[in-house]
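The lines below spell out each chain.
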Amino acid sequence: MESARIVAWRYNYLQGLKKLRSEGSQILFLDETWYDTHDVVRKGWDDGTCNCIFKSPSSRGKRIMVLHAGGREGWVPNCLYLSARNIQDSKADSHNEMTGEFFENWFKTRLLQNLPRDKKCVIVMDNASYHSRQAIKFPTLRSSVKDIINFKQYHKIPVPHPIPIKAAMMQTIRKAKINKTYIVDKLATSYGHEVLRLPLIIVFLTR
């Protein structure tokens, strides 16, 4: 069963999307995917003869990575990212290639540079970790005292002297109710656009 937080998140997302559309904003969706060029099925029907044997290639070919953005008006021009690498150099998924640094560079140089300058665009994306690097990471009790102090100073939260224990400093941060700020969100804002994040969706698969 979904938590009340997820239900409220989805409601706010849908209401926000409706409002932005009514204001005439251009809505864009982005995502990435990958596939293996020589993927083959492992099982199938056969008639017991050599004529129906699956032949797996000796080399499983290339891992293809695709990253793009578009909406009702079509694909964003000059925005497509397409790459290929040997399967033996790839992991089980695409996370070794799609990193926060890479995505932010593509977002700035390929996406934002090719969006309309005279119209606000809303960029819808999911909450993948490489989409969501924080501008300054929220500290935890495992963080160093220096990192906690830097976070408080960045958000203009007073730092008392003498410096209290970490638990006390974390309590003042929680009371401040600071929203997380993400690098790509700040990039979009600097170009006059906005990022809208998809609500978390939990899918249960049954066999």
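The structure this text deals with has already been given above.
All figures in this text were calculated on a predicted structure; none of them were measured in a lab.

Trainee: I keep staring at the pattern of salt bridges and nothing clicks. Help me out?
Mentor: Once the charged atoms of two side chains with opposite charge are near each other, the side chains can pair. According to the stated counting rule, one finds five salt bridges in the structure shown. One salt bridge in this structure joins Lys120 and Glu194, with 2.8 Å as the shortest N-O distance. Of this pair, Lys120 sits in the loop between α2 (100-111) and β5 (121-125) while Glu194 sits in strand β6 (residues 194-197); the two residues are 74 residues apart in sequence, bridging distant segments of the chain. Among the residues examined, Lys120 registers a relative accessible area of 34% and is labelled partly exposed. Members of the salt-bridge network, linked through shared partners, are Glu101, Glu104 and Arg133.

Trainee: Would you explain the packing of α2 against helix α5 (residues 183-190) in this entry?
Mentor: At a closest axis distance of 10 Å, the pairing of α2 and α5 adopts a crossing angle of 10°. In terms of axis orientation, α2 runs roughly parallel to α5. On α5, the residues that touch Phe103, Glu104, Phe107 and Lys108 of α2 are Ile183, Val184, Leu187 and Ala188. Here the contact of α2 with α5 is built from residues that sort into six nonpolar, no polar and two charged.

Trainee: I keep staring at the side chain of Glu32 and nothing clicks. Help me out?
Mentor: When you line up the elements, Glu32 lands in strand β1 (residues 26-36). No salt bridge is formed by the buried Glu32; the nearest opposite charge belongs to Arg197, separated by 10 Å. Here Tyr130 takes part through its side chain, which lies 3.2 Å from a polar atom of the side chain of Glu32. At 3.0 Å, the side chain of Glu32 forms a polar contact with the side chain of His131. Excluding its chain neighbours within four sequence positions, the residues that come into contact with Glu32 are Met65, Val66, Leu67, Met98, Phe103, Tyr130 and His131.

Trainee: Looking at this model, I keep getting lost on the nonpolar core. Mind explaining?
Mentor: One broad rule of soluble globular proteins: the nonpolar side chains tend to lie buried together. In terms of nonpolar packing, the biggest core is built from 24 residues, with Leu30, Phe103, Trp106, Phe107, Leu111 and Ile123 touching the most fellow members. Looking at this core, the elements with two or more residues in it are β1, β2 (62-71), α2, β5 and α5. Per-element accounting of this core gives the leading share, four residues, to α2. When residues no more than four places from it in sequence are discounted, the contact partners of Leu111 are Leu30, Ala69, Val76, Cys79, Trp106 and Ile123. Core analysis: the second largest hydrophobic core is formed by ten residues, Ile136, Ile149, Phe151 and Met170 among them.

Trainee: Explanation requested: the pairing of β1 in the structure shown.
Mentor: If a strand is regular, its side chains alternate between the two faces of the sheet. Where β1 meets β5, four bridges bridge the pair, whose relative direction is parallel. When the bridges of β5 are listed, Gln26 appears paired with Cys121.

Trainee: Just checking my understanding: could you explain the packing of aromatic side chains for this structure?
Mentor: Counted by the stated rule, this structure contains four aromatic pairs. Ring geometry for Phe138 versus Phe151: centroids 4.8 Å apart, planes at 65°, classification edge-to-face. One end of the pair, Phe138, is in the loop between β5 and α3 (145-154); the other, Phe151, is in helix α3, and 13 residues separate them in sequence. Residue classification places Phe138 among the partly exposed residues on the basis of a relative accessible area of 22%. Judged by relative accessible area, Phe151 falls into the buried class, the value being 0%. Feature note: the residues Phe103, Trp106 and Phe107 constitute an aromatic cluster, connected by ring pairs. Across the ring face of Phe138, the terminal group of Lys180 is positioned such that the distance to the ring centre comes to 5.9 Å.

Calculation criteria
Residues numbered from 1 in each chain as written. Predicted model: local features only at pLDDT ≥ 70, side-chain atom pairs only at ≥ 80, totals over all residues. Heavy atoms only, no water. Salt bridge = Lys/Arg side-chain N within 4 Å of Asp/Glu carboxyl O. Helix = DSSP H or I, 4+ residues; strand = E, 2+ residues; numbered from the N terminus. Buried < 20%, exposed > 50% of the residue type's maximum accessible area, 1.4 Å probe, protein only. Axes fitted to C-alpha atoms, helices over the stretch in contact; angles between N-to-C directions. Parallel < 35°, antiparallel > 145°, perpendicular 65-115°, else oblique. Contact = heavy atoms within 4.5 Å. Nonpolar A, V, L, I, M, F, W, Y, C, P; charged D, E, K, R; others polar. Lys, Arg positive; Asp, Glu negative; His and termini not counted. Polar contact = N/O pair within 3.5 Å; in protein donor to acceptor, adjacent residues only side chain to side chain. Core = buried A, V, L, I, M, F, W, Y, C linked by side-chain atoms within 4.5 Å. Pairing = 2+ DSSP bridges. Phe/Tyr/Trp six-rings, centres within 6.5 Å; stacked < 30°, edge-to-face > 60°. Lys NZ or Arg CZ within 6 Å of the ring centre and 35° of its normal.

In short, the description is geometric, and any link to function would need to be established separately.
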